Amino acid sequence: MNHPAPQTQVDHLTQSTSAAPRYEFQALDPVKHRDRVLAAFELCWPQPAAEMQAKHEWFYVANPAGTASAFLLHDHATAKDVGLLVVAPRRFLINGEEALGAVFVDFAVAPEHRRLFLRRIKLDLLAFHTASEAGHDAALMRSDFVYCLPNDRSRRVCERTAGVFQFERPRMAAIVRFWPYLARRAPQWAAKPAGAFLDLLTTCADAVSRLGYPRFTHEWLDEVDERFDVLWSRVSRVDRCIGVRDRAFLHWRFFARPGAHQNRVLAVLRPGTQSLLAYFVTELIDGMLVVRDALCVGSTTEQIAAWKLLRGAARACGAYVVTCEIHADEKVLHCLRRAGYHKRGSTTVFIRLASLCGDWLREAKPWYLTRADEDV
């Protein structure tokens, strides 16, 4: 999607009740001004310097969609940087046509400025497209839309932003072993026998329910390979807005990520072949198998079978519950419900479209979003 060339400067990225705003965002290239960006990051989120530097190199610089844009929040009253906003590019396909999204990944304000700033601020999300230093990544500034999934504190800012629409990304969950689940909510003398009985009942019920569905094989992978490119090429693009999920993106997003993260991929295979039908990028955390990203192709029956297989694999690796945050069309959500997953919460997604995007994108239905489409 093409847009007119952006302006190189925007005088004010924030609005306040006064004629001369106290706070103003200043655009910086995170590569050229690495030290200043890291200093603002440390001011807002004190943590080991090595962790901040690793995230800077990974998410801000090495992103296959392009370099991120950094905006430092400057306080004119003290002439100091007191906050940070980082916007990262994300490649999408909109109805099969290449498009560029921009996701707000880090938004922080120094503790002593948060109350005053949040009371005054009103963001113009699209203004961040046009503010940059000369020579900075032009692709980001021609983004077709901006989106964010804020926490509770940042949500108030997004709700006051003009021109955004919002919808909920559900968190779907399925209990696969009841004993650990009940042990957290009931006395041990009651939880153990009740959990054992329910586990046996669930295992038998799952075995019976799989009789009417295709049988697939699976394998656990510690890296993605060329089969993931083949699977991505088979994904439907019609009437859908979906972020690119090729091998390069999946490797960068989940396996090049710094820190003590142990992501593994459950690959669902057609019997007798190495052809991928589905994958689930997962991380086992305190007995919960957290699905970071998921993609399935095939018929409705085949997709239900893949989600059922995930439940069995989770049980086998010691998890007691599977959770997945996913926004998709009704067909995908129908498959999850039929496979035994239920809604257990949601996260609000805020989106601001560029003027040339179609009005059909203002509805929630076309959007396919998982944890892969944010920074954590």
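Keep in mind that this is a model prediction, so the values were computed, not measured. (Residues numbered from 1 in each chain as written. Predicted model: local features only at pLDDT ≥ 70, side-chain atom pairs only at ≥ 80, totals over all residues. Heavy atoms only, no water.)

Trainee: Explain the nonpolar core to me, please; I cannot follow it from the model alone.
Mentor: The tendency in soluble globular proteins is for nonpolar side chains to be buried side by side. Of all hydrophobic cores here, the largest spans 88 residues; its most connected members are Phe145, Phe280, Trp307, Leu310, Tyr341, Ile351 and Trp367. Broken down by element, this core gets its largest block of residues, 8 residues, from helix α11 (residues 300-316). Discounting residues that sit within four places of it in the chain, Leu310 has contacts with Leu266, Phe280, Leu289, Val291, Val322 and Tyr341. (Core = buried A, V, L, I, M, F, W, Y, C linked by side-chain atoms within 4.5 Å. Buried < 20%, exposed > 50% of the residue type's maximum accessible area, 1.4 Å probe, protein only. Helix = DSSP H or I, 4+ residues; strand = E, 2+ residues; numbered from the N terminus. Contact = heavy atoms within 4.5 Å.)

Trainee: I tried to follow helix α10 (residues 247-255) on my own but got confused; where do I start?
Mentor: The α-helix winds at 3.6 residues per turn, so residues separated by three or four positions along the chain end up facing the same way. Residues of α10 that are buried: Phe249, Leu250, Trp252, Arg253, Phe254 and Phe255. Looking at the buried side of α10, the elements it contacts are α2 (49-61), β3 (80-94), α9 (227-233), β9 (264-269), β10 (276-285) and β11 (288-296).

Trainee: Is there a simple way to think about helix α12 (residues 330-338) in this case?
Mentor: Taken residue by residue, α12 has Val332, Leu333, Cys335 and Leu336 as its buried positions. Seen along its axis, α12 keeps its buried residues to an arc of 155°; they face one direction. In this structure, the buried residues of α12 make contact with β6 (165-175), α11 and β12 (321-327). At the C-terminal side of α12, Gly340 shows a positive phi close to 100°. (Arc of directions from axis to C-beta.)

Trainee: I keep staring at the pattern of salt bridges and nothing clicks. Help me out?
Mentor: Oppositely charged side chains can pair when the atoms bearing their charge come close. Summed over all chains, the structure comprises 21 salt bridges. For Arg337, the salt bridge is made with Glu330, and the minimal N-O distance between the two is 2.1 Å. Under the relative-accessibility criterion, Arg337 is labelled partly exposed at 40%. Each of the salt bridges in this network shares a partner with another, and the network as a whole consists of Arg90, Arg245, Asp293 and Asp373. (Salt bridge = Lys/Arg side-chain N within 4 Å of Asp/Glu carboxyl O.)

Trainee: Is there a simple way to explain the packing of helix α1 (residues 34-44) against α2 in this structure?
Mentor: Relative to each other, α1 and α2 sit at 120°, their axes nearing to 10 Å. Comparing their axes, α2 and α1 come out oblique. Regarding α1 and α2, the two cross each other, and that crossing is right-handed. Residues Arg34, Val37, Leu38, Phe41 and Glu42 of α1 touch α2, and the partners they reach there are Met52, Gln53, Lys55, His56, Glu57 and Tyr60. The residue inventory of the contact of α1 with α2, partitioned by class, reads 5 nonpolar, 2 polar and 4 charged. (Axes fitted to C-alpha atoms, helices over the stretch in contact; angles between N-to-C directions. Parallel < 35°, antiparallel > 145°, perpendicular 65-115°, else oblique. Left-handed = near helix turned anticlockwise from the far one by under 90°. Nonpolar A, V, L, I, M, F, W, Y, C, P; charged D, E, K, R; others polar.)

Trainee: Would you explain the packing of aromatic side chains in this entry?
Mentor: Centre-to-centre distance and the angle between the planes together describe a pair of aromatic rings. Scanning all chains against the criterion turns up 15 aromatic pairs. With 5.8 Å between their ring centres and 85° between their planes, Phe92 and Tyr147 make a pair best called edge-to-face. With Phe92 in strand β3 and Tyr147 in strand β5 (residues 145-148), this pair connects stretches of sequence that are 55 residues apart. Taking the centre distance of 5.4 Å and the plane angle of 50° together, the rings of Phe228 and Tyr279 count as tilted. Separated by 51 residues along the polypeptide, Phe228 in helix α9 and Tyr279 in strand β10 bring together distant segments of the chain. Against the face of Phe92 rests Arg90, its NZ or CZ located 5.5 Å from the ring centre. (Phe/Tyr/Trp six-rings, centres within 6.5 Å; stacked < 30°, edge-to-face > 60°. Lys NZ or Arg CZ within 6 Å of the ring centre and 35° of its normal.)

Trainee: I tried to follow the pairing of strand β2 (residues 69-75) on my own but got confused; where do I start?
Mentor: Each regular strand displays side chains that alternate between the two surfaces of the sheet. Where burial is concerned, most of β2 is hidden: 7 out of the 7 residues are buried. The alternating pattern of β2 places Ser69, Phe71, Leu73 and Asp75 on one face and Ala70, Leu72 and His74 on the opposite face, and all of these are buried. In the sheet, strand β1 (residues 23-28) pairs with β2 via 6 bridges, with the strands oriented antiparallel. What sits directly across from Tyr23, in β2, is Asp75. The pairing of β2 with β3 spans 7 bridges and is antiparallel. Paired with Phe71 across the strands is Leu85, a residue of β3. Connecting β2 to the antiparallel partner β3 that follows it, the hairpin turn spans 4 residues, and Ala79 within it adopts a positive phi of roughly 60°. (Pairing = 2+ DSSP bridges.)

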